[in-house]
Amino acid sequence: MALRLGDEAPNFQAETTEGSIDFHQWLGDQWGVLFSHPADYTPVCTTELGAVSKIKEEFSKRNAKIIAISVDPLTDHQGWVKDINETQQTTMNFPIIADPGRLVATLYDMIHPNADDKMTVRSVFVIGPDKKIKLTLTYPASTGRNFQEILRVMDSLQLTAKYQVATPANWQHGEDCIIVPAVLNEEIPRLFPKGHREIKPYLRYTPQPNK
Ligand code: BEZ
């Protein structure tokens, strides 16, 4: 069955370009981003891995580890990493899981047979420090992902985990947040000392609490 938000991220052992891992141990108490690639030596995937390697620091700043997966063997990954470094002018700095037996791809429901029965789709799982799934995304093989959007969602997830706020459409770090409906008006001065504005009783904004 497909994994849903709030489910525990399944654990697994795997070979990666940075050695063998037990996924949960590798995550430790950090956030995690697991993202799949349809196949090695493919053009869109090559650009994606290069792009992520250039912004790895942004994930580290958010206390998050990032790991890719492709259903090809480790020897293929090792050759492909050289191509990624060469063509994307980068140095790969995070692991790629080798999953030739499709164990992880199956565990995370990354193969959608009606789209393609051999390759994975482009899945993204954001996993919290509690090992629960906080976000899932599914893109087709033909569309490269926007990793700035994944960073943006992580900012929202980390903020809303700590404060009783939600983030509005197209929100970016630093912009006003929405006070969740469960907060009573009389609680607002204590919870949100920076102030608030009420557009409707159910639509109340406050400056980002942790900025
Ligand atoms: C790619 O990564 O370029 C790709 C992979 C599978 C299908 C289409 C594109």
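Structure first, text after, so check above.
Description of the structure in this document. Not measured: the values here are computed from a predicted model.

Right, let's get into the sheet that holds strand β4 (residues 64–70). Taken together, the seven strands give an open sheet; going across it, the order is β2-β1-β5-β4-β3-β6-β7, and neighbouring strands pair in mixed fashion. At either margin of the open sheet sits one strand with a lone partner, and together these are β2 (19–22) and β7 (133–139). Between one strand axis and the next, the sheet turns by 30° as a mean value, whatever way the strands run. Here two bridges tie strand β1 (residues 13–16) to strand β5 (residues 96–98), and the two strands are oriented antiparallel to one another. Across the sheet, residue E15 finds its bridge partner in β5, namely A98. With respect to the sheet, helix α2 (residues 43–54) is in contact with β3 (31–37), β4, β5 and β6 (122–127), its orientation differing from that of β3 by roughly 160°. Relative to the sheet, helix α4 (residues 74–87) contacts β1, β4 and β5, its axis offset from that of β5 by approximately 150°.

Here we come to the environment of H24. For H24, the position within the fold is in helix α1 (residues 23–27). Taking the relative accessible area as the measure of exposure, H24 reaches 16% and is therefore buried. On a C-alpha basis, the gap between H24 and R4 in space is 18 Å, while along the polypeptide they are 20 residues apart. If sequence neighbours within four positions are ignored, H24 has contacts with E8, A9, P10, N11 and K131.

Bringing the pairing of β1 into the picture now. Residues A14 and T16 of β1 are buried on one face, while the alternating residues Q13 and E15, pointing to the opposite face, are not. Sheet topology places β1 next to β2; four bridges connect them, and they run antiparallel. Of the residues in β2, the one forming a bridge with E15 is S20.

The rules we used
- Residues numbered from 1 in each chain as written.
- Predicted model: local features only at pLDDT ≥ 70, side-chain atom pairs only at ≥ 80, totals over all residues.
- Heavy atoms only, no water.
- Pairing = 2+ DSSP bridges.
- Helix = DSSP H or I, 4+ residues; strand = E, 2+ residues; numbered from the N terminus.
- Axes fitted to C-alpha atoms, helices over the stretch in contact; angles between N-to-C directions.
- Contact = heavy atoms within 4.5 Å.
- Buried < 20%, exposed > 50% of the residue type's maximum accessible area, 1.4 Å probe, protein only.

By themselves, these observations are geometric and do not establish any function.
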